[in-house]
Amino acid sequence: MSEWFLIDSAVETDHTAAVYELLKPIDDASHTRDRKRSPPDSACARGTRVEVVKKYTAWTTNNVSSANEPHILWVHGYAGSGKSAISQEVCDTSKREQRPVVSFFFFRNAGDRSKIRRLANTLATQMATVIPETEPFVRAAVKANLALRDPDQPGVSLRSRMEQLVYHPFKAAVDQGTRVRPPSSWSPATWIQRLASGPSTECAKETATILSLVRGPFLIVLDGLDECDDKEGVQDLVDGMLAFFDQNPLIPLRVFITSRVEEHIQSRLNAPEVSLFSLVDHCSDDDIATFLDVLFEIEVRRSLVIQTYIREHGEWPSPDDRRQLVRHIGGSFIFGSTTFKFIMGSIDDAGGPATPMERLPLALQMNSGLDGLYTQTLARSRHLPHFLDITSTIALLQVPLPTSGIAELLGINTYEVVNVLMNLQAIIQVPGTDDIPVTLFHTSLRDFLTTLTRSGPFFAHPRHHVFLFLRCLQCELVYRQHAGVLGTAASQRKPAAAYALRYAGEHLDRGQHLFKPPESDAAIQLCREAIEICQEAPELIVLLARVILRHATHGGTLVDLDEAVSLDRTALTFRPVSHPDRPQSLRALGHALHERFTRQGNIFDLNEAILLYREELELRPPPHPDRSRSLHRLGDALWNRYQRTHILADIEESVSLLREALQLRPLPHPDRSQSLRNLGGALWQISRQTKAACDLKEAISLLEEAVELQPFPHPDRSLSLNELGIALHDRYERTGIAADLEQSISVHRETIELQPPPHPNRSTSLHSFALALKARYVSTGTEADIDQAISLGREALELRPPPHPDRLMSLNSLGRLFCERHQRTRAVADIDEAITFYREALELVPHPHTDRLTTLNYIANALRERHRQTKVAADIDESISMYREVLELRPVPHPDRSMSLSDLGNALSRRHQLTRATIDIDEAIFVYREALELRPPPHTRRSTSLNNLSNALRDRYRQTRVPADIDEAISLYREVLELVPPPHSDRFTTLNKLGNALRERHRQTRVVVDLDASISLYREALELRPPPHPDRSMSLNGLGNALWEHYQQTRLVADIDEAISVYREALELEPPPHPDRLTTLNHLGNVLRERHRQALELEPLPHPGRLTKLNHPGDALRERQRQARIVADINESVSVYREALELRPPPHPDRSMSLNNLGSALWGRHQQTRAAADIDEAICIYREALELRPLPHTHHWMSLNSLSNALRERYRQTRLVADINEAISLYREALELRPPPHPDRLIALNNLANVLRQRFLQTRVVTDIDGAISVFREVLELRPPPHPHRSLSLNDLDAVLWDRYLCTKDQADLKEGILLSREALDLQPSPHPRRVVSLRSLVMSLDEMYEVSPALPYLQEAIPLCRELLAFHYPVGHRYRLKTVHLLVSLGERQQKMLRRKKKWWRFYHRDTRPTSATSSRLSRWFGR
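Residues numbered from 1 in each chain as written. Predicted model: local features only at pLDDT ≥ 70, side-chain atom pairs only at ≥ 80, totals over all residues. Heavy atoms only, no water.

## Focus: the overall build of the protein chain
Spelled out, the test is: Numbered from the N terminus, helices here are DSSP runs of H or I no shorter than four residues, and strands are runs of E no shorter than two. The buried label applies to any residue whose accessible area, calculated with a 1.4 Å probe on protein chains only, is under 20% of its type's maximum; exposed applies above 50%, and partly exposed to all values in between. Throughout, a contact is declared for two residues whenever any of their heavy atoms are within 4.5 Å. Here the Shrake-Rupley method, with its probe set to 1.4 Å, supplies the accessible areas, and only the displayed protein chains count as covering residues.
Each helix and strand counted, the protein chain has 64 helices and 7 strands in total. In the protein chain, which comprises 1425 residues, the proportion classed as buried is 52%. For the protein chain, the share of sequence-separated contacts (at least 6 apart) that also reach a separation of at least 24 residues comes to 67%. Split by element, the accessible area of the protein chain, about 64200 Å² in all, is 54% carbon and sulfur.

Below, the structure written as structure tokens:
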């Protein structure tokens, strides 16, 4: 059996009926529809639009005579300009004149008539009726491609449908005629394909004329194209039409299109191949006058009231009223028609205008335009029950319902609906029966009712969708209850129940974000009750799943999410692969799993959602109208997986999918802006990982285009603005271009203004805005920015109450904002509040939540920061504990483990600085080493790990003094330096750290090479920070310190001079209140004081009278200049110490240190100038320092010594006994604080002994000198041989013994002093600097001993010592030389005298008698052996 036989036998004798059954067209879309049931009810009144209609009719009648003649006529005009009436008249005229015409009248919110998917099937069915010759070709096309039967079947585009069902069958009929049969070897598919490619030569000889085309070409009328919801489909239709006419320029087919001027239509029809005609220029007052005349004439004949009025008062309306009415209408037929209906309509409200004559003046007083008319008309029923519910329902219904259906849907009586609508018949078409739908006279009324700024109190609020959804569920429940009891068939549904089953989901979508908790609960309960009655109802299961999912995402629990997923799985089982609704179920289940992933973070949910989205995409191949949405869903899911796994392939695939979606949404597709936004966001994500500037640039460009396509008040403008603001902020972070940040802030401000509370995305926009303000605060330091950012963060947090899924983000973000402000203000309250927020965030992410790790890091960092300020040990302990938990969550080989190791090491190092516990620094070094191993070259953060390990080794070195630590630290710093060549930003810091480490090693080894290297490093660092760079002072201070240490070792004056110069420059770069100014002031004060001391040591200031004795004037001038420099140094030192003290006002913890420095400088100046004011002020300052260092302060002992020394100094000048007595008391207290074996006890003993000796020298109280001797003896015991300073103690004890001898003349003291001096001389070989002291002391003691007990050995010992003094210690001009010469002469004379006596006695001894033993002993004592 041949295929042709099958085709022929598949149809009935009535071919039209067969095509109708095949294609299932829309019944009420053509010009032959019942206009009362299916608006628009438009027609040209008699005598109106005559010229316009005549012109259009002539165009439709004439055959196409040339290839350049347009086949398409586009008539455009504003709302109410009569476009539909003209289309109807053109169709009726063609029908009357027996020309073939088919039509499709689009109408918004009229079910399938507002969609384009069934256009081809509807036109093909009409064409088979008016041109029967096309019917076989239509049937052949359907049989060749069965997908053409169902417009909802994916795989066939609208363009292809029009070609296969309309254009090619018509072309085939024209080319071949009714008698043509294809060759027997051709299949139906081949036949259709050969016809589409052009006339066949094999069949041309059998062509006959189509009789229906004799009177004119075939006409297709498409009215209200702007009322079609599918804008992309409209563009596809026009593109295919133009392509067909381009290939077939002489085909007898014309297309008549009417619409408003909208971008997606104008962009396609504004072309040379289309004739354009604007109705704006053809809406004359004459047509309106004629239109009104006809209407009034008809109404006068019908109305007895008007007839009676005319008999009594004459013509009505009067000519003047007619002229005013025409001017008031202003050329708009819809306004004119509605105004006329208002005048003639009935009204029930008491006291209102009851007759047309009374309503005419009221109509003339209305605001011109439809809004005023609509407002006035609606006001007539506003007082009636259920008014707003009824009007809002009519405005928001997806398809019109009859009055009974509206009443059933709203749960009220039908008469109540009719009661409201009776007064609105001027604008709403109210049928005479309850089974005909209630329709609007014009779609502009729906626009009016759904625009708040236009309709005001009559506004159909989007929340009414929620009410309609609940009523749909109620209707469905009632239907199923009745069906279960009475056995009602599905086909017997009432209009409201039928509407509820089909469109409940649409109302749910439109009211998705407007549900209140009780409404969600009611919806869930209704769905459950309905499902209990009929458990195998996939539509109800899907609705229940969607409602529960909505509830879960708006404050519900995880149990709700789980139930939504389970319900969607159940619904999917009812929809196998071949089911037409399977893609919707795949989408719903994927969405539920995606939401559960967002809440729980389970990656398996996201992976399953991606698989479901992939299957959905496969079921929607090109050119499926919903393919772009499927592409978007899959792209978004892959984007989210990338954010979790950071697998680049996911975001790259996401970008590819979103690019395809964008191509499917060319201008002016209504969803193009959404595609632009999503693609821009994905590219931004890629740029964050790859750091590719081109991706970020493209992302910003796409987002800017999206914003341009969404002018105010586009509902999605704020979303695109927010994405753009984030991308601009990111580019600022990379490039530092301030203009990007300013634009980002400006964009975010507009976003917030467009999202007033309770906008669902306001919290997200507040969050992004706060981050941008934070960035500007970091850049400029403007406190207003961080304060506003915190305020925005708080508001965002309030909008995300528990258990909002983004509350965690807001808590963490707000914590970071407070931490950022704390960095500048150092306000403990800020860091406290940050920690509070972080703790709440941590409670929201229990183990094993994937975000717990991030929050642990935040709170650990904040605790560590607070510890730096408050020194509370509990903070650093808790911080370390949290870092350990983070480390456990990042086991090897986690890519961020090295970062966690570094954080833990930093916290351990910080605790070590507080406790000095070796175990902490050892562990820190251990974890730093592991982090370094995880960052081998060329890891980008290797230099950071090297720095951390080096710092820790330096810290341990400071404690243990193990040279290996400082050596390794220096080696690591050198490696860091190699990794940061110029002009790397970290080179400057590394140079400083290496310089500091070399200085530390130098302090132990005293190897000057290290110090020289550190100076060189500091100089290089300075070159990297030329003035006035804010970090220059850091290197200046380092260089100054290195030069100071170099001076201390080498005593090179150039070092200390340069150090002073360097410190002065650093001070200029650290104006108040710079945090380092105080340190620099102290450094400068120290080196100035040292240069002053050195100058005095090298060249002590001469006696004031010396200047007058200098012979040459130049010598005197130079001497004055030298003295001035010395005085200037100490004066400047005092000045800088004073400023340092001002920077440490009470109760600053380091004020006592500054007091001590200032006191020392004043004392030093006093030693030079002898100004009593200086020593007095120094004593006052030392007293204050002592008060600030009460016991057990570690520096209490130091302050006691300083005050004692100052009192001793003033005592030397004033001889006030009170000063010396207080000094002794303070020294005794200091000694008690240094019990044996304290290393500072020697200092305390020496100080006390010296001051006791000093008081003895004035008072001659023997107990003082006895005390001094006792103290010096203890000092000597503490310096046993071979102590390097034992000789000094021997000298001191010798001196006090000499003082007591002079007082008591006790020879024992003199003899002990000689012994002490002899031991000291043995310990002070030449050229010991203190040998001269011991020599002088021993000579004086021997001389005194000779005077007390004359003996030649004393002289013989003293004379060589005197000669040594003169030869090596007292050169010519020395003040002691003359005295020593006199002593030597005296000693020599006495020696000669003793030698003569010795000679005499020995002569006596040998010549006379033998001496006795006593005499021999005396002689030995006098002369020696």
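Okay, back to it.
## Remarks on the pairing of strand E4 (residues 253–259)
As a reminder of what qualifies: Here, any two strands with at least 2 DSSP bridges between them count as paired. The handedness of a crossover follows from its direction of travel: if, with the strands pointing away from the viewer, the path from the first strand over the helix to the second runs clockwise, the crossover is right-handed.
Counting buried positions along E4 gives 7 out of 7 residues, so the element sits mostly inside the fold. Residue alternation in E4 divides its side chains into two sets, Leu253, Val255, Ile257 and Ser259 and Arg254, Phe256 and Thr258, and both sets are buried. The pairing of strand E1 (residues 72–76) with E4 spans 5 bridges and is classified as parallel. Each residue of the ladder has a partner; that of Ile72, found in E4, is Val255. Pairing geometry for strand E3 (residues 218–223) and E4, over 5 bridges, is parallel. Paired with Phe218 across the two strands is Leu253, which belongs to E4. Assessed by its sense of winding, the connection that carries the chain from E3 through helix H10 (residues 231–247) to E4 is right-handed.

## Considerations on the environment of Ile343
Within the element layout of this structure, Ile343 appears in helix H15 (residues 333–344). Given a relative accessible area of 0%, Ile343 falls into the buried group. On a C-alpha basis, the gap between Ile343 and Leu362 in space is 8.5 Å, while along the polypeptide they are 19 residues apart. With near-sequence residues (within four places) excluded, Ile343 lies in contact with Trp316, Leu325, Pro356, Arg359, Leu360 and Ala363.

## Considerations on the packing of helix H5 (residues 119–130) against helix H7 (residues 158–176)
Definition in use: Axes here refer to lines fitted to C-alpha atoms; in helices the fit is confined to the stretch in contact. Angles between the N-to-C directions go from 0 to 180 degrees. Should an angle fall under 35 degrees it is taken as roughly parallel, and over 145 as roughly antiparallel, whereas 65 to 115 is taken as roughly perpendicular and any remaining angle as oblique. Take the far helix as the reference: if the near one is turned anticlockwise from it by less than a right angle, the crossing is left-handed, and if turned clockwise, right-handed. Residues are sorted three ways: Asp, Glu, Lys and Arg are charged, Ala, Val, Leu, Ile, Met, Phe, Trp, Tyr, Cys and Pro are nonpolar, and all the rest, Gly among them, are polar.
At a minimum axis separation of 8 Å, H5 and H7 run at an interaxial angle of 20 degrees. In this view, H5 runs roughly parallel relative to H7, as classed from their interaxial angle. Where H5 crosses over H7, the handedness of that crossing is left-handed. Across the interface between the two elements, Leu119, Ala120, Asn121, Leu123, Ala124 and Met127 of H5 pack against Arg161, Met162, Leu165, Val166, Pro169 and Phe170 of H7. Of the residues belonging to the contact of H5 with H7, the class tally is 10 nonpolar, 1 polar and 1 charged.

## Some points on the nonpolar core
Keep this limit in mind: Nonpolar core, defined: a set of buried Ala, Val, Leu, Ile, Met, Phe, Trp, Tyr and Cys residues in which side-chain atoms within 4.5 Å join the residues together.
If you look at the biggest cluster of nonpolar residues, it comprises 85 residues, and the most contacted ones within it are Leu409, Leu421, Ile428 and Phe469. Considering each element in turn, this core owes the most residues, 10 residues, to helix H26 (residues 538–553). Discounting chain neighbours no more than four positions away, the residues touching Ile428 are Ile394, Leu421, Val438, Thr439, Leu440, Phe441 and Leu445.

## Description of the pattern of salt bridges
Heads up, the rule is: Salt bridges are defined by distance alone: a side-chain nitrogen of Lys or Arg within 4 Å of a carboxyl oxygen of Asp or Glu.
One pass over the structure, following the stated rule, counts 90 salt bridges. One salt bridge connects Asp562 with Arg596, and the closest N-O pair in it is separated by 2.9 Å. On the criterion of sequence distance, the pair formed by Asp562 in helix H27 (residues 558–573) and Arg596 in helix H28 (residues 582–600) is long-range, its members being 34 residues apart. Of the charged contacts, one joins Arg1210 and Asp1219 as a salt bridge, the two residues approaching to 2.9 Å between their closest N and O atoms. For Arg1210, a relative accessible area of 17% corresponds to the buried category.

## Section: the environment of Ala523
Tracing the backbone shows Ala523 in helix H25 (residues 517–533). Look at Ala523 and you get buried, because its relative accessible area is 0%. Separated by 52 residues in sequence, Ala523 and Arg471 place their C-alpha atoms 9.4 Å apart.

## A word on helix H60 (residues 1307–1323)
Note the cut-off: Expected helix span is taken as 1.5 Å per residue step, with the number of steps being one fewer than the number of residues. Within 3.5 Å is the distance limit for a polar contact, defined as a pair of N or O atoms, with the added protein rule that one can donate a hydrogen and the other accept it, and that residues adjacent in sequence qualify only through two side-chain atoms.
Compared with the 24 Å implied by 1.5 Å per residue over 17 residues, the 25 Å span of H60 between its first and last C-alpha is a close match. Those residues of H60 that fall on the buried side of the exposure criterion are Asp1309, Leu1310, Gly1313, Ile1314, Leu1316, Ser1317, Ala1320 and Leu1321. In the core, the buried residues of H60 are packed alongside helix H58 (1262–1277), helix H59 (1286–1304), helix H61 (1331–1348) and helix H62 (1352–1369). N-capping of H60 is provided by Asp1306, with a side-chain oxygen placed 3.0 Å from the backbone N of Ala1308.

## Things to note about the side chain of Ser1289
Mapped onto the elements, Ser1289 comes out in helix H59. If we ignore the near neighbours within four places in the chain, the residues touching Ser1289 are Val1275, Leu1276 and Arg1279.

## A short note on the pairing of E3
With 6 of 6 residues buried, E3 is to be regarded as a mostly interior element. Pairing analysis gives 5 bridges linking strand E2 (residues 101–105) to E3, with the strands arranged parallel. Each residue of the ladder has a partner; that of Val101, found in E3, is Leu219.

## Considering unusual backbone geometry
Negative phi characterises most residues that are not glycine, and trans characterises most peptide bonds. Pro757 connects to Pro758 through a cis peptide bond whose omega is 5 degrees. The amide bond that connects Pro1027 to the next residue, Pro1028, takes the cis arrangement and shows omega of 0 degrees. Along the chain, Pro1028 turns up in the loop between helix H47 (1008–1024) and helix H48 (1032–1050). Its identity as a non-glycine residue notwithstanding, Arg916 has a phi of 60 degrees, on the positive side.

## Observations concerning a positive patch on the surface
The following threshold applies: For patches, a residue must show more than 30% relative accessible area and have no salt bridge; joins then use 9 Å for like charges and 5 Å for nonpolar side chains, namely Val, Leu, Ile, Met, Phe, Trp and Tyr. For the charge count, each Lys or Arg is scored as positive and each Asp or Glu as negative, with His and the chain ends excluded. We put the charge of a Lys on NZ, of an Arg on CZ, of an Asp on CG and of a Glu on CD.
On the surface, Lys1393, Arg1396, Arg1397 and Lys1400 cluster together into a patch of positive charge. Its location among the elements puts Lys1400 in helix H63 (residues 1377–1407). In this structure Lys1400 comes out as exposed when scored by relative accessible area, which is 57%.

## Thoughts on the packing of helix H53 (residues 1151–1169) against helix H54 (residues 1172–1187)
Packing of H53 against H54 leaves a shortest axis separation of 8 Å and a crossing angle of 160 degrees. The orientation of H53 with respect to H54, classified from their angle, is roughly antiparallel. Both H53 and H54 take part in a crossing whose hand is left-handed. Listed contacts from H54 to Arg1151, Ser1152, Leu1155, Asn1156, Leu1158, Gly1159, Ser1160, Leu1162, Trp1163, Arg1165, His1166 and Thr1169 of H53 are Ala1172, Asp1174, Ile1175, Glu1177, Ala1178, Ile1181, Tyr1182, Glu1184 and Ala1185. Across the contact of H53 with H54, the residue classes tally to 10 nonpolar, 6 polar and 5 charged.

## Remarks on the state of the cysteines
The condition that has to hold: Any two cysteine sulfur atoms lying within 2.5 Å of each other are counted as a disulfide.
Using the criterion set out here, one finds 0 disulfides in the structure. Cysteine Cys472 shares no disulfide, and the gap to the nearest cysteine sulfur, in Cys475, comes to 6.5 Å.

## With respect to the sheet that holds E2
Whenever strands of a sheet pair, they do so through backbone hydrogen bonds, lying parallel or antiparallel. As summarised here, the arrangement of the 5 strands in space is E2-E3-E4-E1-E5, forming an open sheet in which the pairing is parallel. Only two strands of the sheet have a single partner each, and these edge strands are E2 and strand E5 (274–278). On average, adjacent strands in this sheet sit at an angle of 15 degrees to one another, irrespective of strand direction. Across the sheet, helix H4 (residues 83–96) lies against E1, E2, E3 and E4, angled at about 160 degrees from E2, the strand it touches most. This element, H5, spans E2 and E3 of the sheet and lies at about 155 degrees to E2.

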